[in-house]
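Secondary and tertiary structure notes
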Amino acid sequence: EMLGNFSFGGYFKKEAIEWGWEFVTEILKIEKSRLWVSVYEKDDEAIELWKKTAGLPPERIVRMGEDSNFWTMGPTGPCGPCSEIYVDLTPEKGDTKNFEEEAESGRFLEIWNLVFTQFDKQEDGTLKPLPKPNIDTGMGLERVASVMQNVPSNFETDLMASLVAGIAKAANL
């Protein structure tokens, strides 16, 4: 289940990053030492905001390409860079050599996505700034539950365990 929040001109990157970080670290109380963020590779503004807001070391703010950190509706229309908050599920492994590869393999779990919709992509591919940039954030309920309950997958959370057990019983497993 995706928990989301939108703002159409009411606030933008600074507030979205500050409030997202505050929620994850102060309300959920996920240890800052386990958190990483990804940022669209050309979004220097977001990089600086994450440095200032989160105080993360530069190696835990990862620049990623358009394929993973730039949201589009389609070939034209509203679009913009995005940033994601990840939790290191195995911090005891120490430093990472390749964040993207280790995220794909399951070491890092994305729990929150912040889309900074600030452009209107034209047919020729140019990005026209929107008159009122907006925010679209989303946090995965089951993903956060697995982190908070310290279980290895969404299927082992209290949200899903009884359902999985019922299916296993019905299948005589």
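To be clear, the structure that these remarks concern was listed above.
Now for a look at the structure at hand. (Residues numbered from 1 in each chain as written. Predicted model: local features only at pLDDT ≥ 70, side-chain atom pairs only at ≥ 80, totals over all residues. Heavy atoms only, no water.)

On to unusual backbone geometry, then. Positive phi outside glycine occurs at K29, with the angle close to 60°. Note on placement: K29 falls in the loop between α1 (13–27) and β2 (35–40). Notably, N172 is not glycine yet its phi reads approximately 55°, a positive angle. For N172, the location among the structural elements is in the segment after α6 (161–170). (Helix = DSSP H or I, 4+ residues; strand = E, 2+ residues; numbered from the N terminus.)

Turning to helix α2 (residues 44–54), a few remarks are in order. Every buried residue of α2 is accounted for by A46, I47, L49, W50 and A54. An end-on view of α2 places all buried positions within 165° of arc, on one side of the element. The elements touched by buried residues of α2 are α1, β2, β3 (61–64), β5 (77–88) and β6 (108–121). With its phi angle positive at about 65°, G55 sits one or two positions after the end of α2. (Buried < 20%, exposed > 50% of the residue type's maximum accessible area, 1.4 Å probe, protein only. Arc of directions from axis to C-beta. Contact = heavy atoms within 4.5 Å.)

It is worth spelling out the pairing of β6 at this point. Buried residues dominate β6, accounting for 11 of its 14 residues. Where β5 and β6 come together, 10 bridges link them in antiparallel fashion. Note that in β6 the partner of P78 across the bridge is D120. Bridge analysis of β6 against strand β7 (residues 127–140) gives 9 bridges, and the strand direction is antiparallel. (Pairing = 2+ DSSP bridges.)

Moving on: the nonpolar core. Counting residues in hydrophobic clusters, the biggest one holds 29 residues, and the most contacted among them are I30, W50, I85, I111, L114 and F116. Of all the secondary structure elements, the ones that give two or more residues to this core are α1, β2, α2, β5, β6, β7 and α5 (141–148). Sequence-distant contacts of I30, that is, excluding residues within four places in its chain, are made with V24, T25, L35, V87, I111, V147 and M148. Grouped together as the second largest cluster of nonpolar side chains are 7 residues, W36, V62, A103 and F108 included. (Core = buried A, V, L, I, M, F, W, Y, C linked by side-chain atoms within 4.5 Å.)

Glancing now at a negative patch on the surface. Together, E41, E66, D67, E100 and E104 make up a region of like negative charge exposed at the surface. Secondary structure elements with two or more residues in the negative patch: α3 (66–69) and α4 (99–104). Positionally, D67 belongs in helix α3. By relative accessible area, D67 is classed as exposed at 73%. (Patch = residues over 30% accessible without salt bridge, like charges linked within 9 Å, V, L, I, M, F, W, Y side chains within 5 Å. Areas by Shrake-Rupley, 256 points an atom, 1.4 Å probe, with all protein chains shown as cover. Salt bridge = Lys/Arg side-chain N within 4 Å of Asp/Glu carboxyl O. Lys, Arg positive; Asp, Glu negative; His and termini not counted. Charge placed at Lys NZ, Arg CZ, Asp CG, Glu CD.)

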